[in-house]
Amino acid sequence: MQLYCDQERLAAALKAVLPAVPSRPLVVTDAGMLLSSTDGHLEVAATDREIAIQCRVSAHVAQPGEVVLPARTITDLVALLDVTRVDVALDEKDVLALRCGRTQAHVRGWNTEEFPALPAPAGEPVAQVEAKALRDGIGRVIYAASPDPSRPALCGVLMQFAEEQVTLVTADGFRLALCTVPLVAPVAEPLDLVVPTRGMRVLQKLAQGDGDGSEVSIALDEGRWHVVFEAGDVVIGCQLGGKYPDYRAIIPQEWDVRAVTDRTALRQACRTARALSEHGSLRIEFVPPGKLVVSSTSVEAGDGRTELEAAVEGAKAEVTLNIRYLADAVAAVAGKQVAITASAPGEGQCLPVLVQPVGVEGQLGLVMLMQPSGR
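All of the points below concern the structure found in this document. Predicted model, so just to flag it, every value in this text is computed and none were measured.

### Some words on the nonpolar core
Right, so step 1: Within the largest apolar cluster, 105 residues are counted, with the highest numbers of intra-cluster contacts made by Met 33, Met 159, Phe 161, Val 216, Phe 229 and Phe 286.
Right, so step 2: It is helix H6 (residues 323-332) that contributes the most residues to this core, seven residues altogether.
Right, so step 3: Not counting residues up to four positions away in its chain, the partners in contact with Met 159 are Leu 134, Val 166, Thr 167, Leu 168, Leu 191, Asp 192, Leu 193, Val 195, Met 200, Ile 218 and Phe 229.
Right, so step 4: Leu 154, Leu 158, Val 169 and Tyr 247 belong to the second largest nonpolar core, which has 13 residues in total.

What follows is the structure in structure tokens.
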């Protein structure tokens, strides 16, 4: 291998790929990054077998080649080089020579034979979506994904492709978030994919584009074990999860009381309640026709309440919710106003509270009650 490329671009590529390097590698090459060069570009890749990240960098390649290098070493080294041209050369003993400005360095690498295979798309993409819209959609649901590895069915983001949209869903047993994102073109057939939460966070960070028409293509590998996202010079492969629970069954279709209020004011009320809450809970009182009261109590700190102007429909009611769960749901939805809806408890069950933006379709947050609602 012999080539030269821009230091800033190479450093950015190495940093982008680093999250896929396993923290506890099974074999030494798992802790490495694969560098491979072909005509016109250098590709950097890493994988922990759950997610894989590949990033291309424009390069002037005199001789193609490939090598596996210790990930942290090469990333830190390139980041410290001068911002100028980097010359790269690999010898027959897998030692990579770097020359940049006043600095020369040699990094011992490994043969590529034991490096894990990277997911590759089989055939045409199953869907395409605008990068900005997908990043925005992920940001509106990722907070509700379960971090509990003992609940693997919920440790991911459900992507439901149907017609001209993809619906993103997350849940952790105490709350749920949903957001629909338009596709560039209709899909050939409905498709459900469960993507690891960590992979979606990486996609949200690396999928570039700010309303400039940049797109993310979504494809499956040969055995349909992985989904492959391609966004510009970045390719992210994620191992797919199993069947996602039927989330529709827990979304209330009717409500007994509904309040529309200012979203910013409600977020501030949640922050105030958190300062005086003893068990991380708050009470919301629906007071028709025009008031929403947010309150919390602590034996040691005291108590507080915030009265918000709201358009309230239905009978007077009260619910108790987890402060953080409600605050996350209110922060995630779009719009200046938010609608909070609650239902009376049925036989043996308490229906969750819904948080939805006013005037924006296809977004919602759901929060389970901490205790039965009062009338």
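### A few points about the pattern of salt bridges
Right, so step 1: The final tally for this structure, using the stated rule, is 16 salt bridges.
Right, so step 2: Put simply, Asp 30 and Arg 49 hold a salt bridge, and the shortest N to O gap is 2.8 Å. Pair noted here: Asp 30 is in the loop between helix H1 (7-17) and strand S2 (32-38) and Arg 49 is in the loop between strand S3 (41-47) and strand S4 (51-63), with a separation of 19 residues, a long-range link.
Right, so step 3: Residue Glu 230 pairs with Arg 56 through a salt bridge whose shortest N-O separation is 3.3 Å. Of this pair, Glu 230 sits in strand S15 (residues 226-231) while Arg 56 sits in strand S4, placing them 174 residues apart in sequence.
Right, so step 4: Judged by relative accessible area, which is 23%, Arg 56 ranks as partly exposed.
Right, so step 5: Through salt bridges that share partners, Asp 172, Arg 175, Arg 324 and Asp 328 make up one connected network.

### Focus on the packing of H1 against helix H2 (residues 71-79)
Relative placement of two packed helices is described by the angle separating their axes and the distance separating the axes.
Right, so step 1: Relative orientation of the contacting elements H1 and H2 amounts to 150 degrees, with a least axis distance of 9 Å. The orientation of H1 relative to H2 falls into the category roughly antiparallel. Our pair here, H1 against H2, has a crossing hand that is left-handed. Contacts from Gln 7, Leu 10, Ala 11, Leu 14 and Lys 15 of H1 reach H2 at Ile 74, Thr 75, Val 78 and Ala 79.

Calculation criteria
Residue positions are counted from 1 within each chain, in the order its sequence is given. Per-residue local features of the predicted model are confined to residues with pLDDT of at least 70, and side-chain atom pairs are confined, for both listing and counting, to 80 or more; whole-chain, interface and lining totals are unaffected and use all residues. Values reported for side chains reflect all heavy atoms of the structure, with hydrogen atoms and water molecules removed beforehand. Nonpolar cores were defined as sets of buried Ala, Val, Leu, Ile, Met, Phe, Trp, Tyr and Cys residues, with membership established by side-chain atoms within 4.5 Å. Accessibility here uses a 1.4 Å probe with only protein chains present; expressed as a share of the type maximum, an area under 20% marks a residue as buried, one over 50% as exposed, and anything in between as partly exposed. Under the DSSP-based scheme used, a helix requires at least four consecutive residues in state H or I and a strand at least two consecutive residues in state E, with every element numbered from the N terminus. We call two residues contacting when some pair of their heavy atoms lies within 4.5 Å. Should a side-chain nitrogen of Lys or Arg be within 4 Å of a carboxyl oxygen of Asp or Glu, the pair is scored as a salt bridge. To define axes, lines are fitted to C-alpha atoms, for helices over the stretch in contact only, and angles between the resulting N-to-C directions are given on a 0 to 180 degree scale. Convention used here: angles under 35 degrees read as roughly parallel, angles over 145 as roughly antiparallel, angles from 65 to 115 as roughly perpendicular, and any remaining angle as oblique. For any helix crossing, the convention is left-handed if the near helix is rotated counterclockwise from the far helix by under a right angle, and right-handed if that rotation is clockwise.

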